[in-house]
Amino acid sequence: MKRLWVCILLIFSVLIISSCKKNKEEVIEINETHPLSLAPDVEWALVTDPYAAYRGDIDWNAEITSHCRRGDILQVYAKSIDKDKTVWYKFEDGWLPETCLSIYSNRYKAQSAAENLKD
């Protein structure tokens, strides 16, 4: 009878230990996808318009520097407000107005929202 209990405890111990290692590996893998994904001081933007034009400055008449499309996830570098009280966000390729974006506190929230855009 004691042997049976020892075997059962041993099996449960192995199962618990193996499941703990598996979860730790998954967390490491997620964090390595983008080093700033969960940084508390970094915001992420999801482009919600079908197409949007980056501007060289916070002005609708500013030069277009590049384009992006719906579903793109971008790291926010800065935020500013123009004379018309439009909020603009700075990205690697230029400035976009808040009207074509949704802002998130981490990259994973933005990715989840992007998946919902496809529905």
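A.B. asks: Give me the lowdown on a nonpolar patch on the surface, citing residues and values where you can.
C.D. replies: Taken together, the side chains of Met1, Leu4 and Ile8 define a hydrophobic patch exposed on the protein surface, amounting to about 320 Å² of accessible area. Mapping Ile8 onto the fold places it in helix 1 (residues 2-31). With a relative accessible area of 31%, Ile8 lands in the partly exposed category.

A.B. asks: Outline the packing of aromatic side chains, listing residues and values.
C.D. replies: Two numbers describe a pair of aromatic rings. These are the distance of the centres and the angle of the planes. Tallied over the full model, the rule gives two aromatic pairs. When the ring of Tyr54 is compared with that of Phe91, the centres are 6.4 Å apart and the planes differ by 65°; the resulting orientation is edge-to-face. With Tyr54 in strand 2 (residues 51-55) and Phe91 in strand 6 (residues 87-91), this residue pair connects regions lying 37 residues apart in the sequence. Accessibility expressed as a relative area gives 3% for Tyr54, which makes it buried.

A.B. asks: Which residues make up helix 2 (residues 107-117), and what values go with them?
C.D. replies: Listed in full, the buried residues belonging to helix 2 are Arg107, Tyr108, Ala110, Ala113 and Ala114. The N-cap of helix 2, judged by a side-chain oxygen 3.0 Å from the amide nitrogen of Tyr108 a few residues on, is Asn106.

A.B. asks: Break down the environment of Ala53 for me, citing the residues and quoting the values.
C.D. replies: Mapped onto the fold, Ala53 is located in strand 2. Apart from the residues within four sequence positions on either side, Ala53 is in contact with Ile64, Ser66, His67, Trp95 and Leu96.

A.B. asks: Could you give an account of the environment of Gln75, with specific residues and numbers?
C.D. replies: Take Gln75: it is sitting in strand 4 (residues 73-75). Look at Gln75 and you get buried, because its relative accessible area is 18%. Residues Gln75 and Ala45, spaced 30 residues apart in sequence, show a C-alpha to C-alpha distance of 6.3 Å.

A.B. asks: Report on the nonpolar core, specifying residues and quantitative values.
C.D. replies: Core analysis: the biggest nonpolar cluster contains 13 residues, and Phe91, Leu96 and Leu101 have the highest contact counts within it. Among the secondary structure elements, those contributing two or more residues to this core are strand 1 (44-47), strand 2 and strand 6. Among the elements that make up this core, the one with the highest residue count is strand 6 (three residues). Leave out the neighbours within four places in its chain, and Leu96 touches Ala52, Ala53, Tyr54, Cys68, Leu74, Val87, Trp88, Tyr89, Phe91 and Leu101.

A.B. asks: Outline unusual backbone geometry, supporting the account with residue identities and numerical values.
C.D. replies: The phi angle at Lys85 is positive, at roughly 65°, despite the residue not being glycine. Relative to the elements of secondary structure, Lys85 occurs in the loop between strand 5 (78-81) and strand 6. Accessibility expressed as a relative area gives 71% for Lys85, which makes it exposed.

A.B. asks: If you had to explain the confidence of the model for the chain to someone new, which residues and values would you point to?
C.D. replies: Taken over all residues, the pLDDT of the chain has a mean of 83, while the share at 70 or more is 74%. Low pLDDT, under 50, characterises residues 21-31; the predicted model gives this stretch three contacts beyond four residues in sequence or across chains.

Definitions and cut-offs
- Residues numbered from 1 in each chain as written.
- Predicted model: local features only at pLDDT ≥ 70, side-chain atom pairs only at ≥ 80, totals over all residues.
- Heavy atoms only, no water.
- Patch = residues over 30% accessible without salt bridge, like charges linked within 9 Å, V, L, I, M, F, W, Y side chains within 5 Å.
- Areas by Shrake-Rupley, 256 points an atom, 1.4 Å probe, with all protein chains shown as cover.
- Salt bridge = Lys/Arg side-chain N within 4 Å of Asp/Glu carboxyl O.
- Helix = DSSP H or I, 4+ residues; strand = E, 2+ residues; numbered from the N terminus.
- Buried < 20%, exposed > 50% of the residue type's maximum accessible area, 1.4 Å probe, protein only.
- Phe/Tyr/Trp six-rings, centres within 6.5 Å; stacked < 30°, edge-to-face > 60°.
- Polar contact = N/O pair within 3.5 Å; in protein donor to acceptor, adjacent residues only side chain to side chain.
- Contact = heavy atoms within 4.5 Å.
- Core = buried A, V, L, I, M, F, W, Y, C linked by side-chain atoms within 4.5 Å.
- pLDDT = per-residue confidence, 0-100.

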